[in-house]
Amino acid sequence: MINWIRRRIGRQLLAVLYVLLFLVSMTSFMVYGYMENRIESSRDNLEVISEQNRRADHLWDNWQNVQFGLRGFVIFGNQERFDQIQELRTEIKSETDWFTRKAKTDEEEEFAAQMTNMYNLYYGALFPLTQSYVNEKRRIKSMKIFYRVTVCSHYRLLNDWWNKVN
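Report follows, based on the coordinates. Residue indices begin from 1 for each chain and proceed along its sequence in written order. Selection of residues for local features in this predicted model requires a pLDDT of at least 70, selection of side-chain atom pairs for listing and counting requires 80 or more, and totals for whole chains, interfaces and linings are taken over all residues. Only hydrogens and water are set aside when side-chain values are computed; all heavy atoms of the structure are taken into account.

By convention in these notes, a salt bridge is any Lys or Arg side-chain nitrogen within 4 Å of a carboxyl oxygen on Asp or Glu. With the rule as written, the count across this model stands at five salt bridges. Residue Glu51 pairs with Arg55 through a salt bridge whose shortest N-O separation is 2.6 Å. In this pair, Glu51 and Arg55 are both assigned in helix H1 (residues 2-76), four residues apart and thus about one turn of the helix distant. For the exposure calls, accessible area comes from a 1.4 Å probe over protein chains only, and a residue counts as buried if that area is under 20% of its type's maximum, exposed if over 50%, partly exposed in between. Judged by its relative accessible area of 26%, Glu51 falls in the partly exposed class. Relative accessible area serves as the criterion here: at 17%, Arg55 is assigned to the buried category. For the salt bridge of Asp97 with Lys93, the shortest nitrogen-to-oxygen distance reads 3.4 Å. In this pair, Asp97 and Lys93 are both assigned in helix H2 (residues 79-102), four residues apart and thus about one turn of the helix distant. According to the relative accessible area criterion, Lys93 is partly exposed, its value standing at 29%. Bridged by salt links that share partners, the residues Glu51, Arg54, Arg55 and Glu95 form one connected network. Secondary structure elements are defined from DSSP: runs of H or I of at least 4 residues count as helices, runs of E of at least 2 residues count as strands, and each element is numbered from the N terminus.

Listed below in structure tokens is the structure:
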């Protein structure tokens, strides 16, 4: 009888142990699946953030090139530099449009709106004004040279005439 009781208790203990082992295994699989999904979504978020960061850096570099190039164009009047700045226009526009399309949060929408506004101000207002300023500066410079040559030559003619008369 004692053997029978031991076997019965042993079976019950083994059944409880197997049930506990099964529950622990199922819980582990569920936790594993949950964590795997969380890791995958974190990877996706990290890829999105990395892409945004890369594009923002590229956009920043382009704007820096535009600002320095525009400054050089105004000071030196180098048309090649202005043409290089104009070539960056399409890159800046495509990056700005990308941020506008991909904006999901309020901060991203605000950033995209500010970049679009800056693009419109630079290429819609500042560039034409800068171009007309440099053209006018060139025109005035050529007029100064013309006046200098004209005045000097007239002065020389008057001086020669004066010397002949006296």
